[in-house]
Amino acid sequence: SGSEQVTLLGYCLGGTFSILYGSVSLDIRNDVKNVINIAGPVDLQYLQFFNLLFKPFKKDWFSLADKFGCIPKELLTFVFQLSDPVGYIRRPIHIIDKAWDRNFLVKYQALGNFFSNFQNLPASTFKQAFEIISSNDLISGKLKLLDQQINLGNFQANLLAFSGSRDTFIPPDSVRDVQKYISS
């Protein structure tokens, strides 16, 4: 586009990665004007689902990733379903109850398409994300990106961060707490 600055929009970990890049961009090129973070966790201590299902079984998850070279998309779908088992079981009843509401059905179908279009998560990406989430190094200031120490206090872009109030996978506090670390 020829623009000197860009707007980054990220969903889930993409939102987190947008904030990471925005935090080092000032030191490198100052090329990020805005970041829109949709349900991208920043304070990873709130990810209780991760702490229960993944962290205690790190060796097993890493072995699985090594065996297949990835975390298979079917397993990713199952993990998301596990994050809200009651909601998953209740869905068919909810659909029947809302069958007359076209707006609901369109949103439901969009969410269904999202979950049915997962891709395999490469083993190296999974392991790096696992380590970042486990350590919560983003908050402690120990995380590096592009050989730059990430300091959320350096983030200068305009930021819009939000999440679903009933999200069972990414708790709202893990997104909301970005305000404690970023001044913009």
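Scroll up to find the structure this text is about.
Residues numbered from 1 in each chain as written. Predicted model: local features only at pLDDT ≥ 70, side-chain atom pairs only at ≥ 80, totals over all residues. Heavy atoms only, no water.

Bringing the side chain of S83 into the picture now. Relative to the assigned elements, S83 resides in the loop between α4 (73-82) and α5 (85-97). Judged by its relative accessible area of 12%, S83 is buried. In terms of polar contacts, S83 uses its side chain to reach the backbone carbonyl oxygen of F80, at 2.6 Å. If sequence neighbours within four positions are ignored, S83 has contacts with F49, T168 and F169. (Helix = DSSP H or I, 4+ residues; strand = E, 2+ residues; numbered from the N terminus. Buried < 20%, exposed > 50% of the residue type's maximum accessible area, 1.4 Å probe, protein only. Polar contact = N/O pair within 3.5 Å; in protein donor to acceptor, adjacent residues only side chain to side chain. Contact = heavy atoms within 4.5 Å.)

The next thing to look at is the environment of L75. Note that L75 resides in helix α4. Residue classification places L75 among the partly exposed residues on the basis of a relative accessible area of 23%. With sequence-adjacent residues up to four places away left out, L75 is seen in contact with W61 and L64.

A few words on the packing of α5 against helix α6 (residues 102-116). Contact pair α5 / α6: the axes reach a minimum separation of 10 Å and the direction vectors enclose 150 degrees. With respect to α6, the element α5 is oriented roughly antiparallel. The residues of α6 that touch α5, namely those facing R91, H94 and I95, are F104, L105 and Y108. Taken together, the residues of the contact of α5 with α6 break down into four nonpolar, one polar and one charged. (Axes fitted to C-alpha atoms, helices over the stretch in contact; angles between N-to-C directions. Parallel < 35°, antiparallel > 145°, perpendicular 65-115°, else oblique. Nonpolar A, V, L, I, M, F, W, Y, C, P; charged D, E, K, R; others polar.)

With phi around 60 degrees, A39 is a residue other than glycine that occupies positive phi space. Inspection of the secondary structure assignment puts A39 in the loop between β2 (32-38) and α2 (48-53). On the basis of relative accessibility, which here comes to 4%, the residue A39 falls in the buried class. For N136, which is not glycine, the phi dihedral falls at a positive 55 degrees. Judged by relative accessible area, N136 falls into the buried class, the value being 14%.

As a further point, take the nonpolar core. Counting 20 residues, the largest nonpolar core has F54 and F126 as the members making the most contacts within it. Listed by contribution, the elements that provide at least two residues to this core are α2, α3 (58-68), α4 and α7 (123-135). Sequence-distant contacts of F54, that is, excluding residues within four places in its chain, are made with F49, W61, V79, F126 and F130. V35, L143, I150 and A157 belong to the second largest nonpolar core, which has 15 residues in total. (Core = buried A, V, L, I, M, F, W, Y, C linked by side-chain atoms within 4.5 Å.)

The next point concerns the sheet that holds strand β1 (residues 6-11). In space, the three strands of this open sheet follow the order β1-β2-β7, with parallel pairing throughout. The open sheet has two edge strands with one neighbour each: β1 and β7 (158-162). In this sheet, neighbouring strand axes are inclined to one another by 10 degrees on average, regardless of whether the strands run parallel or antiparallel. Two elements, β2 and β7, share five bridges in a ladder whose sense is parallel. Residue N34 lies in a different strand from β7, and its bridge partner there is N158. (Pairing = 2+ DSSP bridges.)

The values reported here are purely geometric and, on their own, carry no functional implication.
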